[in-house]
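Letter by letter, the chains look like this.
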Amino acid sequence: MSDEPVVEVENLSRHFAVSRGLFGGGAAMLRAVDGVSFSLARGETMALVGESGCGKTTLARMLLKLLEPTSGRIRINGHDLEGLSGEALRRFRTDVQAVFQDPWASLSPRMRVFDIVAETLVINERLTRTELERRVHEALTAVGLPLDAARNYPHEFSGGQRQRIAIASAIIARPSLMILDEPVSALDVSIRSQIMNLFKDIQDEFHCSYVIVAHDLGTTRFMADRLAVMYLGRLVEFGPTDDVFERPVHPYTQALLSASLPLDVDGTHKPIILKGELPSPLAPPSGCPFHPRCQSVIGEICSTQEPRTTAVGNAGATVACHLAEAAGAPSAL
């Protein structure tokens, strides 16, 4: 696996002005993503996890250039996304693809499979009909669909087959980066493992990188090399997936993993029960945004000072928590 970064994100933020109500009161600033930084190497998979409303989808939409950042930078294969236009934008639209949660909603019911799969190439590249047919057939074969599937419409397929069509329409452009938004959560449990294994096979064949938006931590452990834990728009822990699962540092990560463990039959596992609800991103708590729900608050510093992002362990792992600073972590970033 090459160490060449496919994705570089530096201090990325996206804020939205939101009206406070029908009867005035001005506008508030919703910090959907706030100061996020990470990089992803070629052929790697990174999973974004956290509760609903933590900023995962907003971050994914910025990587797809469907939303513009309020501040910060995104580079894909060394190219800054800000100001992309013309031929550079067409290359980006080919090189970065997405597979969404619901294959039924993401596929046009009025188009045949051939036209759905070929659409990216038709829009962004100039190919002969013969070359286009060859590429569509290659994509269908790669996802395990018969070539005669190209003549049919999406409603003629099962949910798992429709997701394979969606994957074929993404990989036909041979992208270097794919954004996978809950790619198996809408599928029957019996076929989820088939689709996850398919993603693994495609990554091995095409050497592309994945960013997965996910709630299911079992999916992320199977597929992801790196885990990025988000809370109220911030990246609170980042590191190799096995390290984060086995030795979580941030109390929020510990609680998430505690809730995802299998049913405890012998009484040895004590789940961590978080206090209260996720605060409104319109009015985040002072200091560490997690401190009102944290089981490990260490004093006034947690409620008054925002923690720095601190390097922990090896392989680029980081955490934003005063506990890590108090434990004497090597450096602050």
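Now for a quick tour of the structure. (Residues numbered from 1 in each chain as written. Predicted model: local features only at pLDDT ≥ 70, side-chain atom pairs only at ≥ 80, totals over all residues. Heavy atoms only, no water.)

### Observations concerning the pattern of salt bridges
As a working rule, side chains carrying opposite charge can pair if their charged atoms are close by.
Now for step 1: One pass over the full model with this rule turns up 18 salt bridges.
Now for step 2: Lys-65 is paired through a salt bridge with Glu-68; the nearest N and O atoms lie 2.9 Å apart.
Now for step 3: Judged by its relative accessible area of 13%, Lys-65 falls in the buried class.
Now for step 4: Here Glu-138 and Arg-134 are joined by a salt bridge, their closest N and O atoms 2.3 Å apart. Highlighted residues: Glu-138 and Arg-134, both in helix H5 (residues 129–142), separated by four residues, approximately one helical turn.
Now for step 5: Each member of the salt-bridge network shares a partner with another, and the members are Arg-221, Asp-242, Asp-243, Glu-246 and Arg-247. (Salt bridge = Lys/Arg side-chain N within 4 Å of Asp/Glu carboxyl O. Buried < 20%, exposed > 50% of the residue type's maximum accessible area, 1.4 Å probe, protein only. Helix = DSSP H or I, 4+ residues; strand = E, 2+ residues; numbered from the N terminus.)

### Concerning the nonpolar core
Now for step 1: Ranked by internal contacts, the top residues of the largest apolar core, which has 56 residues, are Val-117, Ile-167 and Tyr-210.
Now for step 2: With residues near it in sequence (within four places) discarded, Tyr-210 still touches Leu-40, Glu-44, Thr-45, Met-46, Met-178, Leu-180, Phe-199, Ile-202, Gln-203 and Met-223. (Core = buried A, V, L, I, M, F, W, Y, C linked by side-chain atoms within 4.5 Å. Contact = heavy atoms within 4.5 Å.)

### So, helix H6 (residues 159–171)
Now for step 1: The end-to-end C-alpha distance of H6, which contains 13 residues, comes to 19 Å, matching closely the 18 Å that a straight helix rising 1.5 Å per residue would cover.
Now for step 2: By the criterion of burial, H6 is predominantly enclosed, with 11 of the 13 residues buried.
Now for step 3: Of the positions making up H6, those classed as buried are Gly-160, Arg-162, Gln-163, Arg-164, Ile-165, Ala-166, Ile-167, Ala-168, Ser-169, Ala-170 and Ile-171.
Now for step 4: Lining the buried residues of H6 we find strand S6 (96–99), helix H3 (103–106), helix H4 (113–124), H5, strand S7 (177–181) and helix H7 (189–206). (Expected span 1.5 Å × (residues − 1).)

### What to know about the packing of aromatic side chains
Now for step 1: Enumeration according to the criterion identifies five aromatic pairs in this entry.
Now for step 2: Seen in terms of ring centroids, Tyr-231 and Phe-290 are 5.1 Å apart; in terms of plane orientation they differ by 85°. Their pairing is edge-to-face. Of this pair, Tyr-231 sits in strand S9 (residues 226–231) while Phe-290 sits in the loop between helix H10 (251–260) and helix H11 (300–304), placing them 59 residues apart in sequence. Residues Tyr-231 and Phe-290 agree in their burial class; the two are buried.
Now for step 3: A network of ring pairs unites the aromatic residues Tyr-231, Tyr-252 and Phe-290 as a single cluster. (Phe/Tyr/Trp six-rings, centres within 6.5 Å; stacked < 30°, edge-to-face > 60°.)

### Considering the environment of Pro-248
Now for step 1: Mapped onto the elements, Pro-248 comes out in the loop between helix H9 (241–246) and H10.
Now for step 2: Judged by relative accessible area, Pro-248 falls into the partly exposed class, the value being 22%.
Now for step 3: Each C-alpha atom of the pair Pro-248 and Glu-237 lies 8.4 Å from the other, and the pair is 11 residues apart in sequence.

### With respect to the side chain of Glu-182
Now for step 1: Looking at where Glu-182 falls in the secondary structure, it is placed in the loop between S7 and H7.
Now for step 2: Among buried Asp, Glu, Lys and Arg side chains, Glu-182 stands out as unpaired, with Lys-56 the closest opposite charge at 5.7 Å. (Lys, Arg positive; Asp, Glu negative; His and termini not counted.)

### Brief notes about the packing of H4 against H5
Now for step 1: Contact pair H4 / H5: the axes reach a minimum separation of 10 Å and the direction vectors enclose 115°. Classified by the interaxial angle, the pair formed by H4 and H5 is roughly perpendicular. Both H4 and H5 take part in a crossing whose hand is right-handed. Of the residues in H5, those touching H4 at Val-113, Phe-114, Val-117, Ala-118, Leu-121 and Val-122 are Arg-129, Leu-132, Glu-133, Arg-135, Val-136, Ala-139 and Leu-140.
Now for step 2: Tallied by class, residues from the contact of H4 with H5 come to 10 nonpolar, no polar and three charged. (Axes fitted to C-alpha atoms, helices over the stretch in contact; angles between N-to-C directions. Parallel < 35°, antiparallel > 145°, perpendicular 65-115°, else oblique. Left-handed = near helix turned anticlockwise from the far one by under 90°. Nonpolar A, V, L, I, M, F, W, Y, C, P; charged D, E, K, R; others polar.)

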